[in-house]
Amino acid sequence: MSKFIMHRLIFMVITLVVISMLSFIIIQLPPGDYLTSYITQLRSMGTDVSDEQIDYLREQYGLDDPVYVQYFKWIGNFLTGDMGFSFAWNRPVNELVWERLGLTLVISISSLLFTWIVAFPIGIYTALKQNSLSDYFFTFISFIGVATPNFLLALVLMYVSFRYFGINVGGLFSPEYAEAAWSLAKVSDLLQHLWIPVVVVGTAGTAGLVRIMRANLLDELGKPYVTTAKSKGIPNHKVILKYPVRIALNPFISTLGWQLPKLISGSTITAVVLSLPTTGPLLLDALKSQDMYLAGSFIMLLSVLTVIGTFISDILLALVDPRIRYV
Amino acid sequence: MANNNILEVENLNVHFRTDEGLVRALNGVNFNVERGQAVGIVGESGCGKSVTSISVMRLLPGVGEIANGTIKYYDKEKKKHNIIDLEADGEHMRSIRGPEMSMIFQEPMTAFSPVHTIGNQIMEKLLYHEDIDKSEARRKTIELLNKVGISKPEQRIDEYPFQYSGGMRQRAMIAMGLACEPQLLIADEPTTALDVTIQAQVLKLIKEMQEDYNLSLILITHDLGVIAHMVDYVNVMYLGRVVESGPVEEIFDNPAHPYTQDLLKSIPKMTGNEGKLASIEGSVPDAYSLPAGCPFHTRCRKKIGEVCESAFPRTQEISENHYVNCYLHQDLGDK
Amino acid sequence: MENNNQENENYESELYAASQKELIWRRFKKHKLAMTAGIVLIIMYSLAIFAPFFSPQDPYQRRVSYKEAPPHELHFQDAEGNFSLRPMVYPYTKEVDMETFEDIYTEDTANPTPIKFFVEGFEYEVLGLFETDIHLFGTGEEDVPVFIFGADSLGRDLFARIIHGARISLSIGLIGVAVSLFLGILIGGIGGYFGGKIDLFIQRMIELVRSIPQLPLWMGLSAALPSSWSAIQIYLAITIILSLMSWTSLARVVRGRFLSLREEEFVIAARLMGRSPLEIIFIHMLPSFLSHIIASLTLAIPGMILGETALSFLGIGLQAPVISWGVLLQKAQNLYTIANAPWMMLPGLFVIITVLAFNFLGDGIRDAADPYSK
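Residues numbered from 1 in each chain as written. Chains lettered and ligands numbered in written order. Predicted model: local features only at pLDDT ≥ 70, side-chain atom pairs only at ≥ 80, totals over all residues. Heavy atoms only, no water.

### Re the overall build of chain A
What counts, and what does not: Under the scheme used here, helices are H or I runs from DSSP no shorter than 4 residues and strands are E runs no shorter than 2 residues, and both carry numbers assigned from the N terminus. Per-residue accessibility, obtained with a 1.4 Å probe over protein chains only, is compared with the maximum for each type, and a residue is labelled buried under 20%, exposed over 50%, and partly exposed between these values. With residues, only the protein chains shown are counted as cover, and all accessible areas are computed by Shrake-Rupley using a 1.4 Å probe.
A tally of regular secondary structure across chain A gives 16 helices and two strands. The buried share of chain A, taken over its 327 residues, is 50%. Taken as a whole, chain A presents about 15,200 Å² of accessible surface, with 67% of it coming from carbon and sulfur.

See the structure below:
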């Protein structure tokens, strides 16, 4: 087991190094260096930027150094929590990111829970009632769920709630709470707004998981060990929960790691449509305005989450599946 | 004769509904098992041997249904249970399946759940049916593993199926079958998936256990060689029917049905140079469209004529306890 | 009995004669949903290929008096109640609500305009071969357009724009899948064929690519595309970006199949006969799981289509004046538009139908190719 964990750890580090290079390449991709374009932009707007300031900034980001030195400076700073400076926001990137990461995580984790709570029972139910009317119904719904892009669902929900209920479902807070300090009232206001993004972000995942769960369980239900368990005189429902469901769950656990980051990145588009104060719109703005430190650091951060998530789920899977643990 | 039977199967008909049509897997199977007796069921694959056993256990999959017939089981107190009338997953049936009759399956690898320890899977049966706590169940399980010849059972009990060898898995399967001390053990091709060297060991173990626990045994196999040493009484099945049955010596010495005769000729003998090994002509007919009359008439070397295609021959006792369904042994005049 | 045997033999030889392809096709035909999906896709692709023919109006033509005009209703009965088999539309008259400044369109029932078929309209080229101006349907009158799906904020025909957008949205999936197919077969095939250390390395590489969060990377890469690039360059670049991530699942399928096939007798025989690895991979191994690859491909296309739609929707993929479903949906981003002109979400319906159809088709092919996989 410890050997297994060591292997995964080493792999995780390699992955992170590769991803950091990719993120850095993305930062470097736009033509010219962003500082120059930023300064031109500032000057055109009439803001005075002194040569001293420019030199200071050039120095800080090592823009005159060779590319690999710049990379090491950037990644070194990243590791110490300094993700660079957003020229567009005129603020350090980490301030901007942490501010919004909290709410992003709230939405993503709620969506994950929603996905599981809904997908799990429906998956089991449809597998047990294979080829029944309700199986066809749920299968059809989940097919549509998989095929519908998140943002389209968000649009439809927005349209329906505006058209028929007269409410604007955008945002995570009512206007009076948006800037207010955290309080119980603000939390309850958040909860009232939360369900729409949670449903929107969770639907595609739910639909996908229903199909996976159903297929896995159908596979497992036909296996001889189910008959063996039944031959012991154990009631069917106990047998099904203890054996095939348990084994059909393995893929759920193994995907847990990247479900969360996937939800984080998946919520990006939904967040733009519903104008949520999460990381998604921030990333999009950063990319559009070529605020590359913000964008690059952000991609790096999401990747770190993904890789750590994958690592955790590998270990979880080894814990529940002895065949992996003992190899 | 006082009824000393533990199991009586009469006119058992089992159908499977598939996309391609109705499969008549069993078409009136009759056989009895006496208390403490070892009974063999032999036949080619697809003849309905396994279906018979899972019907007795009421473990037929969803597409299978018992269309007709009776299965009577007499429990430890000799009380009669009409297995067919019970709900497959009901409490009554479950009090029989497991504690009264249990089963050993063909593939010991896939018949155990890969993610639960062997001990867990055996203890589950004890804990469910007996009023004992976990440590007691564990003690009993170790005892059982020891009994079936697994070394270091205290350690092996916490291992997973993939850590066992094929033969050990089948031993563990036997231990699981013996848990709760059932009266009737059904072994469905228990050695087919094992190496030849291991096969003999496992068979010997089953025989020992049968004697130690005074079990009734149903041994299902396609291998007549296995049958000879293991059972007292043999039922030969062909296409969902028992075509011949009798004491094991009778079947080997005086096979009456052409099918049994052919089966026996196809076993290799150790006596040396006998030339080519015989095989049965043709192949088993399609189960979707069974031939009318005697099902074997399409391959039979001794076919009499149209009579064989008319109806299934009646059961004829040709010597004590030796029954056969074949027109060769019937006085055709009385028909 | 003789007869019976004879029949049996005939039956068997007939089964033998049916090739693998025929068997797959037979099983596929039984799959009603997949057949329907296949027909839907054929219709979709025909609409895309012959988009100008099916468009009653030029997708780029703006009509100021038809800004956000709702879809035209087709009438079979005129204002007097006379029934006619030929459908007709009423032209719109526009008024401005002086309080809300919204445009209100009312049908001018006095001037029913019949829909004509194979009517003359704007000129276009068919497959780059010849020019024509025949369209499937239209009013035939320049100033009376027919908007069966309504008009956008610049008064352009949404139906024409959707089927023209299908050209991009539907082809991006195919090209992207072709690129990932190439990468997947090459990399997965090498891993599965050679096994051992090479396989281990490739497996790790696949894992690595899979652990990179897809959407942010897509967004990062497509946002970094130079704005000076032409529409076609951007299109190709986006396709490549999309396939950069999706080859991995294909490579996995190929690898798994290769690993199991490697031990099969016919492959060993080919190796003993001294065939080169590439020959063995492409001549002996590939055909034996071609249907699997086709199924995986079909199931990979929707991801590409959704990817393009998402990127363009966010404004970092394809940009107007290029028409794609994502670009069209970009217009439906704000509540104001969708509340006033909900038909602007129609391109989304096409996305859903296409993605569903590909999923059903892929499932059908997979089931037909491997009846035991269920």
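### What about the pairing of strand β2 (residues 83-89) of chain C?
Basically, it comes down to this: Strands qualify as paired when DSSP identifies two bridges or more between them.
Across two bridges, strand β1 (residues 75-77) of chain C lies against β2(C) in antiparallel orientation. Residue pairing for β2(C): C:His75 is matched across the bridge by C:Met88.

### Regarding the UniProt feature "transmembrane region" (unreviewed entry) in chain A
Residues and elements named next belong to chain A. Short version of the rule: UniProt positions are given in the numbering used here, feature names are shortened, and annotations may be inferred rather than shown by experiment.
According to UniProt, the feature "transmembrane region" (unreviewed entry) maps to residues 9-29, 101-124, 136-162, 194-213 and 296-320 in the numbering used here. Between the end C-alpha atoms of residues 9-29 there is a gap of 30 Å, over a span that is 95% helix and 0% strand. When the span residues 194-213 is considered, its composition is 100% helix and 0% strand, and the gap between its end C-alpha atoms is 27 Å.

### A look at the nonpolar core
The condition is simple: Nonpolar cores are built from buried Ala, Val, Leu, Ile, Met, Phe, Trp, Tyr and Cys residues. Side-chain atoms within 4.5 Å join them into one set. Throughout, a residue-residue contact means that at least one pair of heavy atoms, one from each residue, lies within 4.5 Å.
Residues A:Trp74, A:Phe151, A:Leu155, C:Met219 and C:Trp325 are the most contacted members of the largest nonpolar core, which totals 148 residues. For this core, the leading source of residues is helix α15 (residues 292-320) of chain A, giving 13 residues. Beyond its immediate sequence surroundings of up to four residues, A:Phe151 is in contact with A:Ile269, A:Val273, C:Thr309, C:Ala310, C:Phe313 and C:Leu329. Listed in part, the 94 residues of the second largest apolar core include B:Val23, B:Ile157, B:Leu219 and B:Val242.

### Examining the packing of aromatic side chains
Our working definition: Pairing of aromatic rings covers Phe, Tyr and the six-membered ring of Trp, with a centre-to-centre limit of 6.5 Å; geometry is then stacked below 30 degrees between planes, edge-to-face above 60, and tilted otherwise. Only when the NZ of Lys or the CZ of Arg is both within 6 Å of the ring centre and within 35 degrees of the ring normal is a charge said to sit over the ring.
In total, this model carries 15 aromatic pairs over all chains according to the counting rule given. Ring geometry for A:Tyr225 versus A:Tyr243: centroids 6.3 Å apart, planes at 55°, classification tilted. Of this pair, A:Tyr225 sits in helix α10 (residues 224-231) while A:Tyr243 sits in the loop between α11 (236-242) and α12 (244-248); the two residues are 18 residues apart in sequence, bridging distant segments of the chain. You'll find A:Tyr225 and A:Tyr243 in the same group, each marked buried. Ring centres of B:Tyr238 and B:Phe296 lie 5.0 Å apart, and the angle between their planes is 85°; on these two criteria the pair is classed as edge-to-face. With B:Tyr238 in strand β9 (residues 233-238) and B:Phe296 in the loop between α10 (258-265) and α11 (307-310), this residue pair connects regions lying 58 residues apart in the sequence. For the residue pair B:Tyr238 and B:Phe296, the accessibility class agrees, reading buried in each case. Above the ring of B:Tyr164, the side-chain terminus of B:Arg156 is found at 5.4 Å from the ring centroid. The residue whose ring lies beneath B:Arg241 is B:Phe312, and the NZ or CZ to ring-centre distance is 4.0 Å.

### Comments concerning the UniProt feature "domain: ABC transporter" (unreviewed entry) in chain B
UniProt annotation of "domain: ABC transporter" (unreviewed entry) refers to residues 9-264 of chain B when read in the numbering used here. Counted over residues 9-264 of chain B, helix gives 37% and strand 28%. Its end C-alpha atoms are 26 Å apart.

### Observations regarding the interface of chain A and chain C
Short version of the rule: Joining two parts hides part of their accessible area as seen by a 1.4 Å probe, and the buried area is that hidden amount summed over both. Throughout this description, the term salt bridge denotes a Lys or Arg side-chain nitrogen within 4 Å of a carboxyl oxygen of Asp or Glu. In protein, a polar contact requires one atom able to donate a hydrogen and another able to accept it; more generally it is a pair of N or O atoms within 3.5 Å, and residues adjacent in sequence count only if both atoms are side-chain atoms.
If you look at the interface, chain A gives 42 residues, while chain C gives 40 residues. Here chain A and chain C share an interface that buries about 3,600 Å² over both sides, 80% of which is from carbon and sulfur atoms. Looking only at chain A, the three residues that lose the most surface to chain C are A:Phe11, A:Phe143 and A:Tyr159, adding up to 15% of its buried area. On inspection of chain A and its partner chain C, the count reaches one salt bridge. Of the charged contacts in the structure, one is a salt bridge between C:Asp363 and A:Arg211, with a shortest N-O distance of 3.0 Å. Applying the counting criterion to the chain A and chain C interface returns one residue pair in polar contact (both at pLDDT 80 or more).

### Re the sheet that holds β2(C)
All names here are of chain C. Taken together, the three strands give an open sheet; going across it, the order is β1-β2-β5, and neighbouring strands pair in antiparallel fashion. In this open sheet, the two edge strands, each paired with only one partner strand, are β1 and β5 (113-114). Across two bridges, the pairing between β2 and β5 is antiparallel. When the sheet's bridge partners are listed, Met 88 is paired in β5 with Pro 114.

### Examining the pattern of salt bridges
Evaluated as defined, the whole model comprises 18 salt bridges over all chains. A salt bridge links A:Asp135 to A:Arg214; its shortest N-O distance comes to 2.9 Å. In this pair, A:Asp135 sits in helix α6 (residues 133-147) while A:Arg214 sits in helix α9 (residues 184-221), placing the two residues 79 residues apart along the sequence. The pair formed by A:Asp135 and A:Arg214 is uniform in burial state, with each residue classed as buried. A salt bridge links B:Glu208 to B:Lys204, with the nearest nitrogen and oxygen atoms 3.7 Å apart. Within this pair, B:Glu208 and its partner B:Lys204 are both found in helix α7 (residues 196-212), separated by four residues, close to a single helical turn. Taken together, the shared-partner salt bridges in this structure form one network comprising A:Lys232, A:Lys242 and B:Glu124.

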